Amino acid sequence: MKCSRHAWSIFFSAALWCSLLSAETIAQEQKAANKQGVVLEEITVVARKIQESLQRVPVAVTVLDGNELTEGKIFHLNELAGRVPSLTIQSHSATESEIFIRGIGSVRLIGATGDASVGTFLDEVYLSRRGAATPPLFDLERIEALRGPQGTVFGKNVVGGALSLISAKPRFETEGSVYAGFGNYGSIESGGFFTGKVTDDIAARFAIHQNKRDGYVDNIVYGEEMEDLDSVAARLSLTWNVNETTTFDLILDGSTESSNGQSRHGVDDPTIPGALTAPYLRSQDPRTNESPYDQWADKDTYGITARLEKDLGSMTLTYLSAFRSGDADIRWAQLGSTSPPALTDSVLTIPEKSEAFTQEVRLASRQDKRFRWLAGLYYLHDDTDIRIRNTAASGIPGGPLTLADALSGDWQTHQLGVSKNSAVFADASYDLSDDLTVSIGGRYTKDEKELDSDVRVLSVGRPGDFLPVAPMSANFSIGVSDSWTEFTPKASLEWRFGESQMAYISAAKGFKGGGWQGVAANAALATVVYEPETAWTNEIGVKTELFDSRLRLNVAAFYTDFKNLQVELLDDVNLVLILENASDAKIEGLEIEMEAKLSSSLTLFASGSFLDSEYENYDSAFSAADLSGNRLQRTPKEQFTVGLDFRHPMGDNMELIANLHYSHQGQIYYAPQNTNYEDSYGYLDMRIGIGSADGKWSLVAHGKNITDELYRVSIIDFAGDEWSSYAAPRTYGLTLTRNF
């Protein structure tokens, strides 16, 4: 708590300082600045499937500009943590991003029928297997991070929020950019884009990104570097103005990525007296791994998206069709150690293939009318083929029917999952007056799922052993199917009380379908379905721009009431992670975002969130403890970001470039039991360089986590130890960019 109070005092001091400095400085320079056009740029979003100003949308949205992402070296979803209020992202393995917004998220989606509570979209297309099918972040126009249920018009229904990745569009004017850089850990990075017209009616854009680095973890037993990366991604986009009323867009993208995987290192579990394994490891350096196995994390993605837009006069027709494929293969040691000293040296091998086909058609009225509406149909078909193999050998003393027997062996589960999601939706807005607008909408969703699962015990372990390695006890095969339907309404009231001020109040319901376990101990448990989760969120917000659009301040407060929340926790009997439905949960919070343009050279920004969450009436079937009253997993009470962007002329032809970004995250619990936790931490990113005044070139030095903060992004608590994966250490480099 002392750390939390200190962190929040820093945030509020910084925010207050920014506000006071902004007010005083802006008031003094306002008249001169207006002559120079010193204002914050207007931000346009499509959070409701229509183009509108960020400051006019009754939704809590954070927009991350594509140029800022590239310059800040943000090329992966995991790196968005710390940039958006109420957003946390951990990583359990190289293909499993665990995304939470406002305390709502999903952990380890290894089951073939599992859905995320936070949806990820690329150019309006839902990425159903976000870890295996998500390409790197490159050449994006922006990312829109929407907080709260997006169950009306936002494609596949998501209950917690959405990350909408919007790629940069082709232009008919010729332009381009290339960049190349190097850094520590042998990092080599390059990429760029080129766009221009092909004919008078067709424009094209080609973008490519390459990123390669050595590992910052050494496997001192097997003899390889881990946490390395070798990635290449490319995208070709075409825009065809068929005629004056019709536009056709086509996007083709692909990526390939390989590494030696994510590392784990054991530390003592402070919640359990005594130390079993960690003190006896060969090395106490957290940047080491001691698994005897070869490990890897490889991923290939590709997709094609077609979009047709037709102006029908009084309305606009939009048709979206897309196909996406992901092919991932990972192998990672759960404990990162030989046995002994660990009780076992379990390694998981998980190849996964997914294919998803999306169709959406919608009609939207003209947006300059008093009554405006949008309606559509949606369909998603998703096929997932996943195998999970656990190979383990225990080196501790013991014969048949002992603990050593139960921790040795080899089994595999093979799942084939089919998910079909169809929906009809509509949204309408009516201006009650020039200042007051009411909006209502709804979505009727049907989720259909099928699962075929086959489990085989390949070996019971050492000669003379009898027991398969936990949790499997015998071979079995099952085939199950189920379906769920739900209506998710949304309503909001907007009041514009000034030229650039708006307040709103809204209520929205979110829904996520059920499914079956990724790994189940026996056939009986494998056929037990976990039920859908639903949530009602009530929100009130204010969006303002002050001092002639030089200060932007947005505030949102919300309350979420959850029913049948899907929660992951350890089955104490079978020693396997399972999904079950908590009875209820509630989350309430406050979010603040501020940006101030103090001068033509200096912009300050700050954002923060405070969340209060707890499980209600949660008596778990798989845990001996009553979990009611505990905080939701992966949900910090507080987090904030402060920073600045500085660009100042140097002579007639050059400018100084600087950016500073500090992020803080409060303590989180890794599981509903609220035992294992990650303490509060903060990290600092910055860059400084020079560039031409006309923006044609720049040379910038950059650093991430420059204070070399050591913090974890995932743990496995097992037998008195926490087998931990750590965030990247201090990284730095130099990048040259040429624009034309």
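Residues numbered from 1 in each chain as written. Predicted model: local features only at pLDDT ≥ 70, side-chain atom pairs only at ≥ 80, totals over all residues. Heavy atoms only, no water.

Describe the overall build of the chain, naming the residues involved and giving the relevant values.
The helix and strand inventory of the chain stands at five helices and 42 strands. Whereas a compact globule of 740 residues would reach a radius of gyration of roughly 27 Å, the chain reaches 26 Å, a difference of no more than 12%. Considering only C-alpha atoms, the chain reaches an extent of 85 × 55 × 55 Å along its principal axes. Sequence separation of 24 or more characterises 69% of the internal contacts of the chain that already satisfy a separation of 6 or more. Summing over all exposed atoms, the chain offers an accessible surface of approximately 28,900 Å²; the carbon and sulfur share of this is 57%. (Helix = DSSP H or I, 4+ residues; strand = E, 2+ residues; numbered from the N terminus. Rg over C-alpha atoms; globule rule 2.2 N^0.38 Å. Contact = heavy atoms within 4.5 Å. Areas by Shrake-Rupley, 256 points an atom, 1.4 Å probe, with all protein chains shown as cover.)

I'd like a rundown of unusual backbone geometry, residues and numbers included.
With an omega of -10 degrees, the peptide bond running from S339 to P340 counts as cis. Structurally, P340 is set in the loop between β21 (315-333) and β22 (347-365). Note the cis peptide between A470 and P471, where omega equals 10 degrees. Located in the positive-phi region is D139, a residue other than glycine, with phi close to 45 degrees. Its location among the elements puts D139 in the loop between α3 (130-133) and β9 (140-147). Even without a glycine there, the phi angle at N674 is positive, about 60 degrees.

With reference to specific residues and values, describe a negative patch on the surface.
A cluster of acidic residues, D214, D218, E225 and D285, forms a negative patch on the protein surface. Within the secondary structure, D218 sits in strand β14 (residues 217-219). (Patch = residues over 30% accessible without salt bridge, like charges linked within 9 Å, V, L, I, M, F, W, Y side chains within 5 Å. Salt bridge = Lys/Arg side-chain N within 4 Å of Asp/Glu carboxyl O. Lys, Arg positive; Asp, Glu negative; His and termini not counted. Charge placed at Lys NZ, Arg CZ, Asp CG, Glu CD.)

Could you give an account of the sheet that holds strand β3 (residues 60-65), with specific residues and numbers?
Read across the sheet, five strands follow the order β3-β9-β10-β7-β8 without closing on themselves; strand pairing throughout is mixed. Each edge of the sheet is formed by a strand with only one pairing partner; in this case those strands are β3 and β8 (125-126). Pairing of strand β7 (residues 118-122) with β8 involves two bridges; the strand directions are antiparallel. By the bridge assignment for β8, F121 is matched with Y126. (Pairing = 2+ DSSP bridges.)

How would you sum up the side chain of T305? Please name residues and give values.
Relative to the helices and strands, T305 resides in strand β20 (residues 296-311). Setting aside residues up to four positions removed in sequence, T305 forms contacts with D123, V125, D249, L250, I251, L320, S321 and A322.

An account of the nonpolar core is requested, with residue identities and associated values reported.
One finds I350, I388, V519, F562, L565, Y615 and Y618 to be the most contacted residues of the largest nonpolar core, which totals 47 residues. Of all hydrophobic cores here, the second largest spans 21 residues; its members include Y126, A162, L374 and L380. (Core = buried A, V, L, I, M, F, W, Y, C linked by side-chain atoms within 4.5 Å. Buried < 20%, exposed > 50% of the residue type's maximum accessible area, 1.4 Å probe, protein only.)

Before we move on, can you summarise a nonpolar patch on the surface with the specific residues and values?
On the surface, L308, Y319, V361, L377, V424, Y444 and F487 cluster together into a nonpolar patch covering about 600 Å² of accessible area. Along the chain, the position of F487 falls in strand β26 (residues 476-498).

Go over the confidence of the model for the chain, please, and point to the residues and values.
Predicted confidence across the chain gives a mean pLDDT of 90, with 93% of residues reaching 70 or more. Per-element averaging of pLDDT across the chain places helix α1 (residues 2-36) at the bottom with 47 and strand β13 (residues 202-213) at the top with 98. Counting interchain partners and residues more than four positions distant, the pLDDT-below-50 stretch residues 1-29 has 40 contacts. (pLDDT = per-residue confidence, 0-100.)

Account for the packing of aromatic side chains, naming residues and giving values.
A full pass over the atoms with the stated rule returns 12 aromatic pairs. Ring centres of Y302 and F323 lie 6.1 Å apart, and the angle between their planes is 45 degrees; on these two criteria the pair is classed as tilted. Here Y302 is found in strand β20, whereas its partner F323 is found in strand β21, with 21 residues between them in sequence. A network of ring pairs unites the aromatic residues F121, Y126 and F154 as a single cluster. Sitting over the face of the ring of F558, R102 holds its NZ or CZ atom 3.9 Å from the ring centroid. (Phe/Tyr/Trp six-rings, centres within 6.5 Å; stacked < 30°, edge-to-face > 60°. Lys NZ or Arg CZ within 6 Å of the ring centre and 35° of its normal.)

Hey, could you go over the sheet that holds strand β40 (residues 712-718) for me, with residue numbers and the actual values?
For sheets, the rule is that strands pair by backbone hydrogen bonds, running either parallel or antiparallel. On the basis of which strands lie adjacent, the open sheet formed by three strands has the order β18-β41-β40 and antiparallel pairing. Each edge of the open sheet is held by one strand with a lone partner, namely β18 (265-268) and β40. The sheet shows a mean angle of 35 degrees between the axes of neighbouring strands, direction not considered. Where β18 meets strand β41 (residues 721-726), four bridges bridge the pair, whose relative direction is antiparallel. Of the residues in β41, the one forming a bridge with H265 is S724. (Axes fitted to C-alpha atoms, helices over the stretch in contact; angles between N-to-C directions.)

Provide a residue-level description of the environment of K509, including the pertinent values.
Mapped onto the elements of the fold, K509 is located in strand β27 (residues 501-512). We classify K509 as buried; its relative accessible area is 15%. For the pair K509 and W536, spaced 27 residues apart in the sequence, the C-alpha separation amounts to 4.4 Å.

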